[in-house]
Amino acid sequence: MRIRLSKKPNGSVHVLNLVEGAQAKIVSPTNAFKPFTVHYAETFILPQSAGEYRIEADKPIKVIMACVRR
């Protein structure tokens, strides 16, 4: 099973935390940044300049996302 979730920044920085699941891979479909892996309980930040991104996992995961407004 491969899970993919695509998100657009919508004019905001995204602060995310992997709250369930062992790990997930964060990928830029436009190669704006190198793919990276996050593990359970890790928090990561994607600035607006990162553009669209995908969260991929082989098993079910849960991610909490916060958007910062101006």
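Please read these numbers as outputs of a predicted model, since none were measured by experiment.

Here's the deal with the pairing of strand 6 (residues 53–57)
Walk down a regular strand and you will see the side chains alternate between the two sheet faces.
Right, so step 1: Counting buried positions along strand 6 yields five of five residues, so the element is predominantly enclosed.
Right, so step 2: The alternating pattern of strand 6 places Tyr53, Ile55 and Ala57 on one face and Arg54 and Glu56 on the opposite face, and all of these are buried.
Right, so step 3: Here strand 3 (residues 23–27) runs beside strand 6; their pairing, made up of three bridges, is antiparallel. Across the sheet, Ile26 pairs through a bridge with Ile55, a residue of strand 6.

Re the confidence of the model for the chain
Right, so step 1: With 89% of its residues at a pLDDT of 70 or more, the chain shows a mean pLDDT of 88.
Right, so step 2: Within the chain, the element-level pLDDT minimum falls on strand 1 (residues 3–7), averaging 63, and the maximum on strand 4 (residues 36–39), averaging 97.

Focus: the side chain of Glu56
Right, so step 1: Tracing the sequence through the fold places Glu56 in strand 6.
Right, so step 2: Residue classification places Glu56 among the buried positions, given a relative accessible area of 5%.
Right, so step 3: Here the side chain of Glu56 touches Arg54 through a polar contact of 2.9 Å, side chain to side chain.

Thoughts on the nonpolar core
Right, so step 1: Counting residues in hydrophobic clusters, the biggest one holds 11 residues: Leu16, Leu18, Ala24, Ile26, Phe33, Val38, Phe44, Leu46, Ala50, Tyr53 and Ile55.
Right, so step 2: Elements with a minimum of two residues in this core: strand 2 (14–20), strand 3, strand 5 (43–46) and strand 6.
Right, so step 3: Other than its neighbours up to four places away in sequence, Phe33 contacts Ile26, Val27, Ser28, Leu46, Ala50 and Tyr53.

Conventions adopted
- Residues numbered from 1 in each chain as written.
- Predicted model: local features only at pLDDT ≥ 70, side-chain atom pairs only at ≥ 80, totals over all residues.
- Heavy atoms only, no water.
- Buried < 20%, exposed > 50% of the residue type's maximum accessible area, 1.4 Å probe, protein only.
- Helix = DSSP H or I, 4+ residues; strand = E, 2+ residues; numbered from the N terminus.
- Pairing = 2+ DSSP bridges.
- pLDDT = per-residue confidence, 0-100.
- Polar contact = N/O pair within 3.5 Å; in protein donor to acceptor, adjacent residues only side chain to side chain.
- Core = buried A, V, L, I, M, F, W, Y, C linked by side-chain atoms within 4.5 Å.
- Contact = heavy atoms within 4.5 Å.

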